Amino acid sequence: MSYIVADNLVKKYGEGETAVSAVDGISFKIKEGEFVGIMGESGAGKSTILGMLGAMNAPTSGSLLVADIDIYSLGQEQRADFRREFLGFVFQSFHLVSYLTVIENIMLPLAIIKAGKKKKREMAEEAMNQVGLSGKAHRLPSQISGGEKERVAIARSIVNEPPVLLADEPTGNLDTKTTRGIMELFGRLNQGGMTVIMVTHSPDCAGYAQRIIKVSDGKLVGYYSKKYANA
Amino acid sequence: MTLKTISIRNLLRRKGKAGFVLAGLVVGVSTVVGILSFVEAMTSDINHKLEQYGANILIVPRTENLALSYGGLTLGGVSFEMQEIQEQELTRVSTIKNSKNIAALGPLVLGVVHVGTHKALMAGVDFKAARILKPWWHLKGTVPEENGVILGAESARILNLGIGDRIAIRNKKLVVSGVLQSTGSQDDQLIFTRLVTAQSIFNKNGRISMAEVAALCKDCPIDAMVKQISDVLPGAKVMAIQQVVKSRMETLAQFKKFSFGISGVILLIGSLVVLVTMMGSVRERTDEIGIFRAIGFRKRHIMGIVFMEAAIVSGLAGIIGYFAGFGVAKAALKVFSENHSGHIPFSIELAVGAVVTALIVGLISSAYPAVMASRLDPNEALRSL
């Protein structure tokens, strides 16, 4: 049974004749525990799709179901609750909070949940261990490398154990070696049962996905298997 | 990790901006506290002086015949020959509701006497009560016995009399037991003797011309006391001596109003400083707020962070502002009121009021930036998705 069902998603910016379609009638289904890559050239609409999947960018038309929840029938605040409970975000430029330490950045999603200080710390330390960041807890983002920042962003996205992880060009700013480490980390998280949806330019990164959705000019132009992507 | 942690960390990071908001509010709060403390101290000073003034309520016979000036104050009518108050009636004054506020009650018999070729006003007084009623008296000599008098400074000079001299008044031989130092009041012109002596001289046994009351008036309702005394003495006219301080109190009241106006304007400026700074802070944090929203913070969480920051800074400004204002008021008292002791009592109400006012101003001024922050579209804010 499909976990995520996108049905004829359309996103237009502007109105009337000047309206521009960023996404033009895209439909797809993603199973629970699947690792999906979304590929396409710049401006193809892949980040818009990820924004819609992230309950942050309402489509002009169409519907999106996640775990049978029609996300865009929810109010703004319910969508915030949905993001907190169902989604983890990894952004291209990390988006860490500069004045919080590594562990505080990781604990950020826990700031608004009801849990004891000790429990929150344990959850954060577990996430840090998962991404291999032990020993850097009290450093500020400015005191760690790009790869470590990416790991902090990933740890923050998984600290509250969401079922879905959304990643937007997660390795865009990283070198090859660090990229490989990050992608292996995504693979491990996926093997742990997490549904991973990743937007990427890189065929190498897409190679870690089980399935690739290719978009062009806001339209879905095909599904590709892992074998094809690696080729 | 809680919302408070985020607020505190942000304040520590943006020390300059937080300091600017703090300074704006401290200036506002300290000005208000300074002005209120100053006015309070001045009011307290006037009340204290009113107490020191001595008599502040006069009881005179109800008459419309003559006007008499006494003690530099314009009083009601007193007719020496026509109407008097029975001395016994004065005992009723001790039965009024606010009798505990009465420090002294001094009956007075007045009459004109001839001393040699001079005419003089003689007053029979209760010297025990006079100690409280006339604290400005400085007597050279002793309080007179039944056959004695004391003279006002002017009357001693004009009559050319000194301590130990004898005078004859209406066939009664009296000894001058003391002379008052100059008071600058009408007391300088008078001859004082015991009440019973004066009553005997003027054939007014059991009767008095008027009575003076010293009410402890810092907190007492003087107007209510006047009414209470009037009720128990229906044949007398009871008046509060307020003229002396009235104009000063009016000036102070006007200053108070003006001060409140100034305080309001300063607080308004302070709140605008907070508003502008918080708006700038929110704009700078668009990206950060976008992250918070993206990871599931509700609008109220975002508002909570902004309000928490405002509350921390405002609360601190309230505390600092109170003590700064306190210091300003002390300094101002030394400059503007030389006779004042400079002592301002610590007021817990004012301290709490300062903190609460700072919090209210800080929170109200932060309301719009907080709402603006909470309304940020996470997608727009991040621009990466």
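Cut-offs applied
- Every chain is numbered independently, its residues counted from 1 as its sequence is written.
- To label them, take the chains in the order written and letter them from A, then take the ligands in the order written and number them from 1.
- Local features in this predicted model are restricted to residues of pLDDT 70 or higher, and side-chain atom pairs are both shown and tallied only at a pLDDT of 80 or more, whereas totals for entire chains, interfaces and linings draw on every residue.
- Only runs of H or I of at least four residues qualify as helices and only runs of E of at least two qualify as strands under DSSP, and these elements are numbered from the N terminus.
- Here a residue counts as buried when 20 or more other C-beta atoms fall within 10 Å of its C-beta, as exposed when 12 or fewer do, and as partly exposed in between; the C-beta atoms come from the backbone.
- Note that contacts rest on C-beta atoms placed from the backbone: two residues are in contact if these are within 7 Å.
- For every residue, the predictor states its confidence as a pLDDT score lying anywhere from 0 to 100.

## Digging into the overall build of chain A
Then step 1. When its secondary structure is counted, chain A shows eight helices and ten strands.
Then step 2. Relative to its 231 residues, chain A shows a buried fraction of 48%.
Then step 3. For chain A, long-range pairs separated by at least 24 residues make up 66% of all intrachain contacts whose partners lie at least 6 apart in sequence.

## Some details on the overall build of chain B
Then step 1. Across its full length, chain B holds eleven helices and 14 strands.
Then step 2. Burial status across chain B gives 39% buried among its 385 residues.
Then step 3. Considering only residue pairs separated by 6 or more positions, chain B has 81% of its internal contacts joining residues 24 or more positions apart.

## Section: the environment of Val 273 of chain B
Residues and elements named next belong to chain B.
Then step 1. Relative to the helices and strands, Val 273 is located in helix α7 (residues 243–284).
Then step 2. With 249 residues separating them in the primary sequence, Val 273 and Gly 24 have C-alpha atoms 6.1 Å apart.
Then step 3. Look past the residues within four positions of Val 273 in its chain and what remains in contact with it is Val 21 and Gly 24.

## Points about the confidence of the model for chain B
Residues and elements named next belong to chain B.
Then step 1. Taken over all residues, the pLDDT of chain B has a mean of 84, while the share at 70 or more is 86%.
Then step 2. Considering only residues more than four positions removed or in separate chains, one finds that residues 72–82, a stretch of pLDDT under 50, has 35 contacts.
Then step 3. Taken over the whole predicted complex, pTM reads 0.69, whereas the ipTM for its chain interfaces reads 0.89.

## Overview of unusual backbone geometry
Then step 1. The backbone of Glu 161 of chain A shows a phi angle near 50°, a positive value even though the residue is not glycine.
Then step 2. By the element assignment, Glu 161 of chain A lies in the loop between α5 (146–158) and β7 (164–168).

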